[in-house]
Amino acid sequence: MITFESLTKTYGPKRAVDDISLTIGTGKVTGFLGPNGAGKSTAMRMLLGLDRPTSGKALIGGRPYVELPHPLSTVGALLEPRTGHPGQSARSHLLGMARSNGIPSRRVTAVLNMVGLAEVARSRIGTFSLGMRQRLGIASALIGDPEVLIFDEPVNGLDPEGVTWIRRFMRDLAAQGRTVFVSSHLLSEMADTADHLVVIAQGRLVADSPLHDLLDVTRTAIVRSPESSRLAEVLDRSGLSVTLSGAQIQVSGERIDEIGSLAHGQNLRIDELSFTAASLEDVYAQLTEGATDHRSSVVPVDTIASLGAQIVSNSSAKESSS
Amino acid sequence: MSTPTTTDRTAALPRTTRGGCWWGAIAFEWTKLSSVRSTWWIIVAAFVAALLGSWLLGASALASGRNGLDSAMPAPAIVVQTMLVVEIVIVLLSTFTITGEYSTGSITTTLQEVPRRKQMLLAKTAVVLVTGVVLGAALIVVGTPVASASASQFGAFDAVDLVRAIVGTGLGLGLLGVFVLGLATALRSASLTIITVLGLLHLVPNLLPLFGVDAISDLVQYLPNQAMAVLAVDTAGPYGWPTAVLILLGWAMAGLLTGYLVLRSRDV
């Protein structure tokens with residue numbers, strides 16, 4: 001389990017990571033989304049003890065990375081495709097890693113097979129293509145058979161086959177009960193892979209929510225009813241947000257799928273019930289554009305702020321209730 | 001290529017007996033140093049330079065001796081003289097041990113494996129020290145017969161000369177390597193480190209006397225090269241070998257401490 005406690009990193013006046021608090025659970029793939037420069041890599045580097053937080057903490061299983069006795073057996077990380085020294089062979093690179101953490105050397109052969117690099121194990125890393133380096137990076141991350149896996153932009157520069165391969169790999173790892181924390185600046189990469197999304201922009205947390213919730217929040221329903229004002233009252237009491245205009249009500253909120261049954265329960269007639277879903281891309285664009293550049297933002301700033309707040313509060317409400 | 005086949009979750013991996021911690025960190029550093037080809041090229045170059053230098057200096061001693069000059073010198077001491085040039089090898093090895101990590105970005109991998117920075121630096125120190133000691137000793141052992149052959153009777157030596165040269169050069173190169181490692185850790189740049197060290201070893205001894213002040217000129221004898229010469233050759237120096245060891249230790253500790261203080265709080 002990964003926890004950020006008010007994690008903050010400043011470079012002069014720039015707040016690269018700004019007061020982020022969140023918990024990343026086990027057994028699922030958590031996507032860490034944000035535009036380039038949002039602070040994803042900085043947050044991950046602090047998690048691995050490479051960079052020092054200005055304030056706050058980044059913990060793995062409740063401990064800072066530097067205090068882990070055998071870090072590779074707890075956390076595997078792929079930070080950049082430049083794993084290892086270019087003059088070393090893939091095998092000796094992994095062997096060095098294994099030795100550093102007391103991992104038996106047969107594990108080296110095992111991970112090389114896992115990522116499909118067994119045949120080039122004795123070639124120098126410098127001669128590898130980007131895709132091969134990425135596979136080697138994943139082999140390095142898996143060397144200690146860790147519970148927690150951290151991947152920073154793992155599909156960058158990979159061909160479609162490699163992308164599919166990495167996605168399935170991450171799903172498999174999560175299915176085995178591990179914590180998989182993956183960053184990306186592209187939502188489309190995460191949409192098929194992640195169970196949970198954490199979105200940051202300009203160093204700030206703008207969303208922390210299961211993937212489907214993120215979609216639900218932005219779904220709106222249009223309800224037409226002859227008894228619109230009474231229906232609006234009922235829906236409002238059920239925690240949905242309601243805008244009444246004549247016979248038509250615009251509804252959004254978590255229990256959006258229960259509109260029909262709520263109306264039925266009160267014997268209120270509905271003439272029309274239709275849903276419009278913003279695509280996940282739209283949500284992401286709204287969330288991040290808002291925080292990236294307030295002036296050029298299409299959506300009013302307060303809308304984005306409330307959307308972000310809603311998403312964050314939704315998920316935290318769920319966590320506390322479960 | 002291959003299908004994703006991850007292993008089933010097994011109970012924790014069995015650990016090798018000397019696993020992790022200090023042995024692991026040192027084994028890791030040794031694996032890196034020894035598996036990079038440039039390391040072996042540099043070492044081969046060291047032997048070539050030391051043997052060639054020993055032969056030339058030996059021949060020179062022989063020629064001068066035959067012309068009636070007092071050029072006789074124990075063969076091991078002839079080899080020690082070549083260290084003025086050959087020591088660059090340990091400077092390079094030691095520098096690349098850390099700057100190579102920064103230039104290739106593998107420092108991030110290294111610190112993921114050995115996240116405690118003190119441990120990482122001390123593991124590198126151990127590897128550099130042992131490499132320097134073994135290399136220094138080996139160069140004397142191999143170079144002495146060559147110097148002895150080419151200097152003939154003007155290179156006569158006894159066991160004390162040989163042992164002194166072996167131990168002195170070994171310790172000298174080892175501790176010089178540690179000093180350079182610390183400096184390179186602080187500077188992170190290979191070129192900057194090498195220039196600084198060569199300046200200290202070869203330029204500063206020539207610059208200090210230019211001030212014309214005795215107190216400043218005397219400082220020269222406390223520089224690494226001068227201390228190494230006292231340590232490796234059994235002649236009457238400005239101070240004895242124990243002081244020479246202390247001076248070299250002082251340089252090594254100063255370099256290492258500088259490196260550690262900078263490394264401790266620096267973002268990678």
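Keep in mind that this is a model prediction, so the values were computed, not measured.

## Description of the overall build of chain A
Scanning chain A from terminus to terminus reveals twelve helices and 13 strands. Each of the 322 residues in chain A was classed as buried or not, and the buried ones make up 47%. Across chain A, the fraction of contacts at a sequence separation of at least 24, relative to all contacts at a separation of at least 6, is 68%.

## Considerations on the overall build of chain B
For chain B, the helix and strand inventory stands at eleven helices and zero strands. Ordered by position from the N terminus, the helices and strands of chain B form the series α-α-α-α-α-α-α-α-α-α-α. Looking at chain B as a whole, 46% of its 268 residues are labelled buried.

## Observations regarding the nonpolar core
Core analysis: the biggest nonpolar cluster contains 147 residues, and Leu47, Leu94, Ala139 and Val199 of chain A have the highest contact counts within it. The leading source of residues in this core is helix 7 (residues 159-187) of chain B, at 14 residues. Non-local contacts of leucine 94 of chain A, meaning those with residues more than four positions away in its chain, are made with Val108, Val111, Leu112, Ala139, Ser140 and Ile143 of chain A. If you look at the next biggest cluster of nonpolar residues, it comprises ten residues, including Leu231, Leu235, Leu240 and Ile259 of chain A.

## A look at helix 11 (residues 241-265) of chain B
With 25 residues, helix 11 of chain B ought to run about 36 Å at 1.5 Å a step, and its terminal C-alpha atoms sit 37 Å apart, in line with that. Among the residues making up helix 11 of chain B, those that are buried are Ala244, Ile247, Leu248, Trp251, Ala252, Gly255, Leu256 and Gly259 of chain B.

## Things to note about the sheet that holds strand 12 (residues 248-252) of chain A
Residues and elements named next belong to chain A. Read from one edge to the other, the open sheet built from four strands follows the order 11-12-10-13, with strand pairing classed as antiparallel. With partners counted over all chains shown, the strands left at the sheet margins are strand 11 (241-245) and strand 13 (272-276), one partner each. For this sheet, the mean angle separating the axes of adjacent strands, direction not counted, is 20 degrees. Strand direction decides the pairing type here: strand 10 (residues 220-224) and strand 12, joined by five bridges, are antiparallel. Each residue of the ladder has a partner; that of alanine 221, found in strand 12, is valine 251.

## Here's the deal with the sheet that holds strand 5 (residues 75-78) of chain A
All names here are of chain A. Overall, mixed pairing links the six strands, which are arranged 5-6-7-3-8-9 in an open sheet. Edge strands, defined here as strands with exactly one partner in the open sheet, are strand 5 and strand 9 (204-210). Put simply, the sheet's adjacent strands are angled 15 degrees from each other on average, direction ignored. Across five bridges, the pairing between strand 6 (residues 148-152) and strand 7 (residues 179-184) is parallel. Paired with valine 148 across the strands is threonine 179, a residue of strand 7. Relative to the sheet, helix 5 (residues 130-142) contacts strand 5 and strand 6, its axis offset from that of strand 5 by approximately 165 degrees. Against the sheet, helix 6 (residues 160-175) engages strand 3 (29-33), strand 6 and strand 7, with an angle of about 150 degrees to strand 7.

## Focus: the domain arrangement of chain A
Domain assignment breaks chain A into domain 1 (2-209) and domain 2 (219-277). For domain 1 of chain A versus domain 2 of chain A, the distance between C-alpha centres works out to 44 Å.

## Remarks on the UniProt feature "transmembrane region" (unreviewed entry) in chain B
Residue and element names in this part refer to chain B. Those residues carrying the UniProt feature "transmembrane region" (unreviewed entry) are residues 40-58, 78-100, 121-142, 162-183, 190-211 and 239-263 in this numbering. The distance separating the terminal C-alpha atoms of residues 121-142 is 31 Å; by composition the span is 100% helix and 0% strand. Its end C-alpha atoms 35 Å apart, residues 239-263 is made of 92% helix and 0% strand.

## Quick word on the packing of helix 3 (residues 75-86) of chain B against helix 7 of chain B
Residue and element names in this part refer to chain B. One way to put it is that helix 3 packs onto helix 7 with a least axis distance of 9 Å and a crossing angle of 20 degrees. By the angle class used here, helix 3 and helix 7 are roughly parallel. Between helix 3 and helix 7 lies a crossing whose hand is left-handed. Judged by residue contacts, Pro76, Ala77, Val79, Val80 and Met83 of helix 3 engage Asp161, Leu162, Ala165 and Thr169 from helix 7. Residues of the contact of helix 3 with helix 7, tallied by class, amount to seven nonpolar, one polar and one charged.

## Here's the deal with the interface of chain A and chain B
Counting residues at the interface gives 47 residues for chain A, matched by 38 residues for chain B. When residues of the side of chain A that touches chain B are traced back to their parent elements, those giving at least two are helix 2 (71-74), helix 3 (90-100), helix 4 (106-114) and helix 6 of chain A. With six residues, helix 3 of chain A is the largest single contributor of residues to the side of chain A that touches chain B. Residue composition of the side of chain A that touches chain B, grouped by class: 19 nonpolar, 19 polar and nine charged.

## Topic: the environment of glycine 49 of chain A
For glycine 49 of chain A, the location among the structural elements is in the loop between helix 1 (40-47) and strand 4 (55-60). Each C-alpha atom, one on glycine 49 of chain A and one on leucine 158 of chain A, is 27 Å from the other, the two residues being 109 residues apart in sequence.

## Some details on the confidence of the model for chain B
Residues and elements named next belong to chain B. Across chain B, the average pLDDT comes to 90, with 93% of residues at or above 70. Low pLDDT, under 50, characterises residues 1-11; the predicted model gives this stretch 14 contacts beyond four residues in sequence or across chains. Per the prediction output, this complex has pTM 0.80; the corresponding ipTM is 0.76.

## What to know about the pairing of strand 10 of chain A
Residue and element names in this part refer to chain A. Where burial is concerned, the two faces of strand 10 differ: the one with Ala221 and Val223 is buried and the one with Thr220, Ile222 and Arg224 is not. The sheet contact formed by strand 10 and strand 13 spans five bridges and is antiparallel. Within strand 13, the position partnered with threonine 220 by the bridge is threonine 276.

## Here's the deal with the pairing of strand 11 of chain A
Residue and element names in this part refer to chain A. Examined bridge by bridge, strand 11 and strand 12 share five bridges and lie antiparallel to one another. Counted as the bridge partner of serine 245 is glutamine 248 from strand 12. Where strand 11 folds back on strand 12, the antiparallel hairpin that results is connected by two residues, among which glycine 246 adopts a positive phi of roughly 65 degrees.

## Describing the confidence of the model for chain A
As a general rule, the predicted coordinates of low-pLDDT regions are not to be interpreted in detail. Residue and element names in this part refer to chain A. Taken over all residues, the pLDDT of chain A has a mean of 84, while the share at 70 or more is 87%. The low-confidence segment residues 293-306, where pLDDT is below 50, has eleven contacts with residues more than four positions distant or belonging to other chains. Counting interchain partners and residues more than four positions distant, the pLDDT-below-50 stretch residues 313-322 has seven contacts.

## Here we look at the environment of methionine 44 of chain A
Residue and element names in this part refer to chain A. Mapped onto the elements of the fold, methionine 44 is located in helix 1. Among the residues examined, methionine 44 registers 25 C-beta atoms within 10 Å and is labelled buried. Distance in space between the C-alpha atoms of methionine 44 and aspartate 195 is 19 Å, their sequence separation being 151 residues. Non-local contacts of methionine 44, meaning those with residues more than four positions away in its chain, are made with Leu79, Ile150, Asp152 and Ser183.

The rules behind these values
- Residues numbered from 1 in each chain as written.
- Chains lettered and ligands numbered in written order.
- Predicted model: local features only at pLDDT ≥ 70, side-chain atom pairs only at ≥ 80, totals over all residues.
- Helix = DSSP H or I, 4+ residues; strand = E, 2+ residues; numbered from the N terminus.
- Buried ≥ 20, exposed ≤ 12 C-beta atoms within 10 Å, placed from the backbone.
- Contact = placed C-beta atoms within 7 Å.
- Core = buried A, V, L, I, M, F, W, Y, C linked by C-beta atoms within 7 Å.
- Expected span 1.5 Å × (residues − 1).
- Pairing = 2+ DSSP bridges.
- Axes fitted to C-alpha atoms, helices over the stretch in contact; angles between N-to-C directions.
- Domains from an automatic or database assignment.
- UniProt positions renumbered as here; feature names shortened; annotations may be inferred.
- Parallel < 35°, antiparallel > 145°, perpendicular 65-115°, else oblique.
- Left-handed = near helix turned anticlockwise from the far one by under 90°.
- Nonpolar A, V, L, I, M, F, W, Y, C, P; charged D, E, K, R; others polar.
- pLDDT = per-residue confidence, 0-100.

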